[in-house]
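A look at the structure
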Amino acid sequence: MPENKKNLAVTIQTKELKFAIMNKTHVTARSLQAAGKLNYEAAAHMQASEDLENSYELIRAISNAIAETKVELGEYLNETTTETSNLIDSDVEEGNAITLNFLLPSNYNSAAADALGGGIHEFVVGRSIYEWYRQTCPEIADACKADAEASLDRAKKALYKRSRPDRPTYPTPEPEPTNP
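Described below are features of the structure shown in this document. (Residues numbered from 1 in each chain as written. Predicted model: local features only at pLDDT ≥ 70, side-chain atom pairs only at ≥ 80, totals over all residues. Heavy atoms only, no water.)

Some points on the pattern of salt bridges
What counts, and what does not: Each reported salt bridge corresponds to a side-chain nitrogen of Lys or Arg within 4 Å of a carboxyl oxygen of Asp or Glu. Put simply, DSSP H or I for four residues or longer makes a helix, DSSP E for two residues or longer makes a strand, and each gets a number counted from the N terminus. Using a 1.4 Å probe on the protein chains alone, a residue whose accessible area is under 20% of its type maximum counts as buried, one over 50% counts as exposed, and one in between counts as partly exposed.
A complete count under the given rule lists 5 salt bridges for this structure. K18 is the salt-bridge partner of E50, the closest N and O atoms lying 3.8 Å from each other. Linking E50 in the loop between α2 (40–45) and α3 (52–72) with K18 in helix α1 (residues 14–34), this pair joins segments that are 32 residues apart in sequence. Taking relative accessible area as the criterion, K18 reaches 7% and is therefore assigned buried. With its nearest N and O atoms 3.0 Å apart, the salt bridge here joins E122 to K24. Remark: K24 occurs in helix α1 and E122 occurs in helix α5 (residues 113–136); sequence separation between them is 98 residues.

What follows is the structure, given as structure tokens:
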């Protein structure tokens, strides 16, 4: 009996990841500064940007987080990579989309697909911010790591969501004609 798998392509826009990371680090820094927990200089340094001195760390963190995503969700990932290096993923560096192709069991509940994509996005963002804050604001880095791990758990929950089977139906037999 041939296997009946479901294909699911999850596209992650790296420009969206960069924006989310820069925006979250901006909002966090602004909030900490407003609460009097950081001075303006410290708040400025904890904000991720695409400036030359920051961009390498930002895209390296995103590239590493995507690679970790592939490891964590690899059971159903349909990859054919036969070669790798320590270079940053060129698609991440150039701001291109990354597509993760999953080959899932036939009873995968497709209603969970959006949650899977959202969980992957949040994990990559959270994991990247964790790496960023390890260097710029170590006091809050562990909280970001915990948030990233919670996002990964949500993505896994969506990946393992299954549909309930349908009971088979059978045609009802036509009644036999009766002779008068």
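Following the structure, the description resumes.
As for the nonpolar core
Soluble globular proteins tend to bury their nonpolar side chains together. We count it as follows: By nonpolar core is meant a set of buried Ala, Val, Leu, Ile, Met, Phe, Trp, Tyr and Cys residues that side-chain atoms within 4.5 Å join together. In this analysis, two residues are considered to be in contact whenever any of their non-hydrogen atoms come within 4.5 Å of each other.
Residues L8, I62, F102, L116, I120, V124 and Y133 are the most contacted members of the largest nonpolar core, which totals 46 residues. Ranked by residue count, the leading element in this core is α5, at 10 residues. For V124, the residues in contact, after removing those within four places along its chain, are L17, I62, A65, I66 and T69.

Details of the pairing of strand β2 (residues 97–104)
Both faces of the sheet carry side chains from a regular strand, because those side chains alternate between them. Definition in use: In this scheme, strands are said to pair when DSSP sees at least two bridges between them.
Residue alternation in β2 divides its side chains into a buried set, I98, L100, F102 and L104, and an unburied set, A97, T99, N101 and L103. Relative to β2, strand β1 (residues 6–13) runs antiparallel, the two sharing 8 bridges. By the bridge assignment, Q13 is partnered in β2 with A97.

So, the environment of H45
Counting through the fold element by element, H45 comes out in helix α2. It is 31 Å that separates the C-alpha atoms of H45 and E72, two residues lying 27 residues apart in sequence. If sequence neighbours within four positions are ignored, H45 has contacts with W132 and T136.

Structural notes on α5
Under the convention used in this document: A helix is expected to reach a length of 1.5 Å times the quantity of its residues less one.
Over its 24 residues, α5 extends 34 Å from the first C-alpha to the last, a length consistent with the 34 Å expected when each residue adds 1.5 Å. Taken across its 24 residues, α5 has 17 buried, putting it largely inside the fold.

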